Amino acid sequence: MSAKTRETPAHPHPVDEVLPAGKLALYGFQHVLAFYAGAVIVPILLAGAIGLSDTELIHLINADLFTCGIASIIQSIGFWKVGVRLPLLQGVTFTAVSPMIAIGMAAGGGTEGLVTIYGSVIVAGLFTFFIAPFFSKLVRFFPPVVTGTVISVIGIALLPVAANDAAGGNSGAADYASLTNLAYAGGTLAIILVIYRLSRGFFSTVAVLIGLVCGTLLATILGHAHFDAVASSDWFGVTTPFHFGWPKFSVTAIISMIVVMLITAVETTGDVFATGEIVKKRITRDDISRALRADGLATTLGGVLNSFPYTCFAENVGLVRLTRIKSRYVIASAGVFMILIGLIPKAGAIVAGIPHPVLGGAGLAMFGTVAVVGFQTLGRVDFHDQRNVMVVAVSVGLALIPVGVPKFFSNVPDSLQIIVGSGITLGSLSAIFLNLLFNVWGGKKKTASVTATPPPEKVTLEQVNQMSREEFTRRFSVLFQNGPWIAEEAWTDRPFDGVYAMRHAFHSALFNAPEPVALELIKSYPDLAGKALIERVLGPESLRDQCSAGLDRLTFEEYDRFHDLTEAYHEKFGFPLVVCVRENTKKTIFAAAEARIQNSIGQERATALVEIAKIANLRLRDLVEEPQHADSLAISEK
């Protein structure tokens, strides 16, 4: 029975549940609050950097919110093969800020720079839309060493932008870096920190928004914030296509924006997998394709409707985990709210009136957080391998040149300024190229992560028999993917008179487990040659097992074949394909998978448990010294 047939209309998945209108409105507005600060900061930063007027900024803010609403509805509700149909809210990506500023300034700034930005956004959006079905083949070119470097560089490169705003925004102004401006920035940052320190749950997700509101209110009371544009703005207004003029197309600008979209595609892929885990839905290759098509379509619409590149907002992924409200229709209702707010120019005028120092104080927290996410991603990288060290070191170094020494590339031709003038674009291209050079194009096979985590030192049978329950469980729970309970049950059969007796104790606990418990154990095993292996986030035992069979060194064709087989297997049986890979080669694993997919569910559950027992046997051999005279009878001989 397939996964689709197990779900009936009478009991829809929580993701597809339509809540009462009142709850939809309440939870949807909650998502808008969590999203709002991050949504409006991009047009504000861009407008200030390329010299747009307050009137133009107000239009950008409203266009951004209006298009965010449309993009979120497309992603959550979906149509045809567009939209992942999960509770994912769309927003403008921070990744695009620095490249867009470089593009705009290279084109002369102002609206002339803006239409060049929109030309590159439209093309990059179309590129993303059409490449979506093939991105699963490209994702291996964006391992954590690349994505972690890029995300870190994004945060670091944007910090000077936030610092400039904190000082006042205009370096030529008389009050630039005045104590008053620094006090507003520091006070806003302090409010955000206090909220994070004292609150939990929803309030921590809107800490930045509260900091912006409090800082702006204080500046208004003291006469340092002005909202003259609010009175002159209309109550209602609709953003029209190409409001600032017809887009202009520059090859280097398009390349820069395509790099941005490739990086955001990796981010979106991660957000989709994270949301799938939260809402308990298995994510397939088709889901990733639909999500990326939605990103591409939304980005193209952004270029047409005077907005910017779109991606899934990680802040709202966290809010889904926090509230446990999994309905995608909540995100759709948030999209409706954003469309309505985007139709009110006065709302945009209020946001445009936020003082630069207040914005800078909040930006320090927001962009610093982006950098930390990059550091966390780099934590999954094997830095025992000097090639990875060089990828990160050189890419970060190049990325910081335009930030620390803005005139360094002043003699480079104007056509290349878009690339070398943006630390994010330069660092991203460097990370992608160096990873290809060192880790893909004929480089040494990646075995460092395996040799870096060798099996622990073996113990004798006498030492095993002297172990406490806690020590025994800690040492031997690794025989099974999620099996401390098996080790605890096996401990009760001590003392063991041989390794075979130990195997028998573990097998008895495994094969006598209640069916639901055994099924959960099977489900805990990782996919063969899956995303966890590619990103090296498997446990050391699973990593050693899969690498021993060469699953970390697949060709593109082999990877696709594995992916298709494991997807088909999971779709039919509802649990991953479990194979004792250390007893197999890639060829025999393929053959076994193609044969086993013809079995019944009952046959496959039994076969999976036998394979799990074989895996445990080999892992036990890694942990316990086996006397020469010991009976080495394996599970296949039972």
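See the structure above.
Overview of the structure. The structure displayed is predicted, hence computed values, not measured ones.

## Some words on the overall build of the chain
Reasoning step 1: Looking only at helices and strands, the chain features 31 helices and two strands.
Reasoning step 2: For the chain, the residues scored as buried account for 54% of the 638 residues in total.
Reasoning step 3: The long-range fraction of contacts in the chain, counting pairs at least 24 apart against all pairs at least 6 apart in sequence, stands at 81%.
Reasoning step 4: As presented, the chain carries roughly 27,400 Å² of accessible surface, and 62% of it is formed by carbon and sulfur atoms.

## Focus: a nonpolar patch on the surface
Reasoning step 1: Nonpolar side chains collect at one region of the surface, where Phe433, Leu437, Val440 and Trp441 lie side by side and expose about 380 Å² of accessible area between them.
Reasoning step 2: Inspection of the secondary structure assignment puts Trp441 in the loop between helix H20 (423-440) and helix H21 (448-451).

## A word on unusual backbone geometry
Reasoning step 1: A cis amide bond, omega -5°, links Arg494 with the succeeding residue Pro495.
Reasoning step 2: As for its placement among the helices and strands, Pro495 is situated in the loop between helix H24 (484-491) and helix H25 (499-511).
Reasoning step 3: With a phi angle near 55°, Phe242 is a residue other than glycine that sits in the positive phi range.
Reasoning step 4: With respect to the helices and strands, Phe242 occurs in the loop between helix H11 (228-232) and helix H12 (251-279).
Reasoning step 5: A relative accessible area of 24% means that Phe242 is categorised as partly exposed.
Reasoning step 6: The phi torsion at Asn306 lies on the positive side, around 70°, for a residue other than glycine.
Reasoning step 7: Looking at the element boundaries, Asn306 is found in the loop between helix H13 (285-304) and strand S2 (310-312).
Reasoning step 8: A relative accessible area of 1% places Asn306 in the buried class.

## Section: the environment of Thr473
Reasoning step 1: Among the structural elements, Thr473 can be located in helix H23 (residues 469-476).
Reasoning step 2: It is 8.5 Å that separates the C-alpha atoms of Thr473 and Ile486, two residues lying 13 residues apart in sequence.
Reasoning step 3: Not counting residues up to four positions away in its chain, the partners in contact with Thr473 are Pro484, Ala487 and Glu488.

## Some thoughts on the packing of aromatic side chains
Reasoning step 1: In total, this model carries 13 aromatic pairs according to the counting rule given.
Reasoning step 2: Seen in terms of ring centroids, Phe408 and Phe409 are 4.9 Å apart; in terms of plane orientation they differ by 80°. Their pairing is edge-to-face.
Reasoning step 3: Through a chain of ring-to-ring contacts, three or more aromatic side chains come together here, namely Phe472, Phe476, Phe480, Phe496 and Phe506.
Reasoning step 4: When the ring centre of Trp235 is taken as origin, the NZ or CZ atom of Lys346, which lies over that ring, is 5.2 Å away.

## Re helix H5 (residues 110-131)
Reasoning step 1: Spanning 22 residues, H5 covers 32 Å between terminal C-alpha atoms, matching the ideal 32 Å at 1.5 Å per step.
Reasoning step 2: Burial analysis of H5 places 16 of its 22 residues in the buried class, the great majority of the element.

## Digging into the pattern of salt bridges
Reasoning step 1: Applying the stated criterion across every chain yields a total of seven salt bridges.
Reasoning step 2: For the salt bridge of Asp622 with Arg582, the shortest nitrogen-to-oxygen distance reads 2.9 Å. Residue Asp622 is located in helix H31 (residues 601-623), and its partner Arg582 is located in the loop between helix H29 (556-573) and helix H30 (586-596); the two are separated by 40 residues in the primary sequence.
Reasoning step 3: By relative accessible area, Asp622 is classed as buried at 18%.
Reasoning step 4: Residue class for Arg582 comes out partly exposed when judged on its relative accessible area of 33%.
Reasoning step 5: Measuring nitrogen to oxygen at the nearest pair gives 2.9 Å for the salt bridge that ties Glu604 to Arg596.

## Points about the nonpolar core
Reasoning step 1: By size, the foremost hydrophobic cluster in this structure holds 112 residues, and its most contacted members are Phe94, Leu114 and Phe142.
Reasoning step 2: Looking at this core, the element that brings in the most residues is H12, giving 13 residues.
Reasoning step 3: If near-sequence neighbours (up to four positions away) are discounted, Leu114 is found in contact with Leu46, Ile50, Leu52, Leu60, Phe244 and Phe308.
Reasoning step 4: Of all hydrophobic cores here, the second largest spans 55 residues; its members include Tyr525, Phe575, Val579 and Ala613.

Basis of the calculations
Residues numbered from 1 in each chain as written. Predicted model: local features only at pLDDT ≥ 70, side-chain atom pairs only at ≥ 80, totals over all residues. Heavy atoms only, no water. Helix = DSSP H or I, 4+ residues; strand = E, 2+ residues; numbered from the N terminus. Buried < 20%, exposed > 50% of the residue type's maximum accessible area, 1.4 Å probe, protein only. Contact = heavy atoms within 4.5 Å. Areas by Shrake-Rupley, 256 points an atom, 1.4 Å probe, with all protein chains shown as cover. Patch = residues over 30% accessible without salt bridge, like charges linked within 9 Å, V, L, I, M, F, W, Y side chains within 5 Å. Salt bridge = Lys/Arg side-chain N within 4 Å of Asp/Glu carboxyl O. Phe/Tyr/Trp six-rings, centres within 6.5 Å; stacked < 30°, edge-to-face > 60°. Lys NZ or Arg CZ within 6 Å of the ring centre and 35° of its normal. Expected span 1.5 Å × (residues − 1). Core = buried A, V, L, I, M, F, W, Y, C linked by side-chain atoms within 4.5 Å.

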